[in-house]
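# Chains, contacts and geometry: an overview
Given next are the chains, with one letter for each unit.
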Amino acid sequence: MGGHGALTLALKYPGRFRSVSAFAPICHPSASDWGRKQFAAYLGSEAAGVAHDATLLMQLNGMNVPLLIDTGTDDQFGDLLGTEHLAHAIAAKRVAATVRLQKGYDHSYFFISTFMEDHVTFHAEALYG
């Protein structure tokens, strides 16, 4: 849940981060049965999850830092991730973002290791120019 956490923290605390990136984050958990069940179990109700849903937070607040997301086209959790929902919210709020669908990659270590250098470079550029 690292990518989901990175997104929601950056959206909830504007001004504290210079950039944000995520690998295959769960972008819209309140739109899935699994996400709603988790919110109910951990937060006491499905409705409490609204404050922890990156897509809904993006629709409300937008983001003022650059964003990079990589997701594999063969990710076994593809239906749960909701990447397209977040992409629409990003476009509507005109956020400086890059959302990349990486052909043939799944949710594995190999996926992360393949694109990790891109993410480190992305953050370095945001910090140092």
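In case you missed it, the structure is sitting above this.
From a predicted model like this one, the values you see are computed outputs, not experimental measurements.

## What to know about the overall build of the chain
- What the chain contains, in helices and strands, is six helices and three strands.
- Beginning at the N terminus, the succession of helices and strands in the chain can be written as α-β-α-α-β-α-α-β-α.
- Taking 129 residues into account, the globule formula puts the C-alpha radius of gyration at 14 Å, and the chain, at 14 Å, falls close to it.
- Considered along the principal axes of its C-alpha atoms, the chain spans approximately 40 × 35 × 25 Å.
- When burial is assessed residue by residue, the chain has 41% of its 129 residues classed as buried.
- Here the analysis covers contacts within the chain between residues at least 6 apart in sequence; of these, 75% occur between residues at least 24 apart.

## As for the sheet that holds strand β2 (residues 67-72)
- The parallel open sheet is built from three strands, whose spatial order is β1-β2-β3. Looking at strand neighbours, the two that pair on one side only are β1 (20-23) and β3 (97-102), the edges of this open sheet. Between one strand and the next, the sheet's axes are offset by a mean angle of 10°, whatever the strand orientation.
- Where β1 and β2 come together, four bridges link them in parallel fashion. Across the sheet, Ala22 pairs through a bridge with Ile69, a residue of β2.
- Along the sheet, helix α6 (residues 109-128) makes contact with β1, β2 and β3, crossing β1 at roughly 175°.

## Some words on α6
- Its 20 residues place the ends of α6 28 Å apart at the C-alpha level, agreeing with the 28 Å of an ideal helix rising 1.5 Å per residue.
- Of all bends in α6, the biggest is about 45°, found at Phe115.

## Overview of the environment of Gly15
- Secondary-structure assignment places Gly15 in the loop between α1 (2-12) and β1.
- Expressed as a C-alpha distance, the spacing of Gly15 and Met63, which sit 48 residues apart in the sequence, is 9.4 Å.

Rules used throughout
- Residues numbered from 1 in each chain as written.
- Predicted model: local features only at pLDDT ≥ 70, side-chain atom pairs only at ≥ 80, totals over all residues.
- Heavy atoms only, no water.
- Helix = DSSP H or I, 4+ residues; strand = E, 2+ residues; numbered from the N terminus.
- Rg over C-alpha atoms; globule rule 2.2 N^0.38 Å.
- Buried < 20%, exposed > 50% of the residue type's maximum accessible area, 1.4 Å probe, protein only.
- Contact = heavy atoms within 4.5 Å.
- Pairing = 2+ DSSP bridges.
- Axes fitted to C-alpha atoms, helices over the stretch in contact; angles between N-to-C directions.
- Expected span 1.5 Å × (residues − 1).
- Bend = angle between axes of the 7 residues up to and from the residue.

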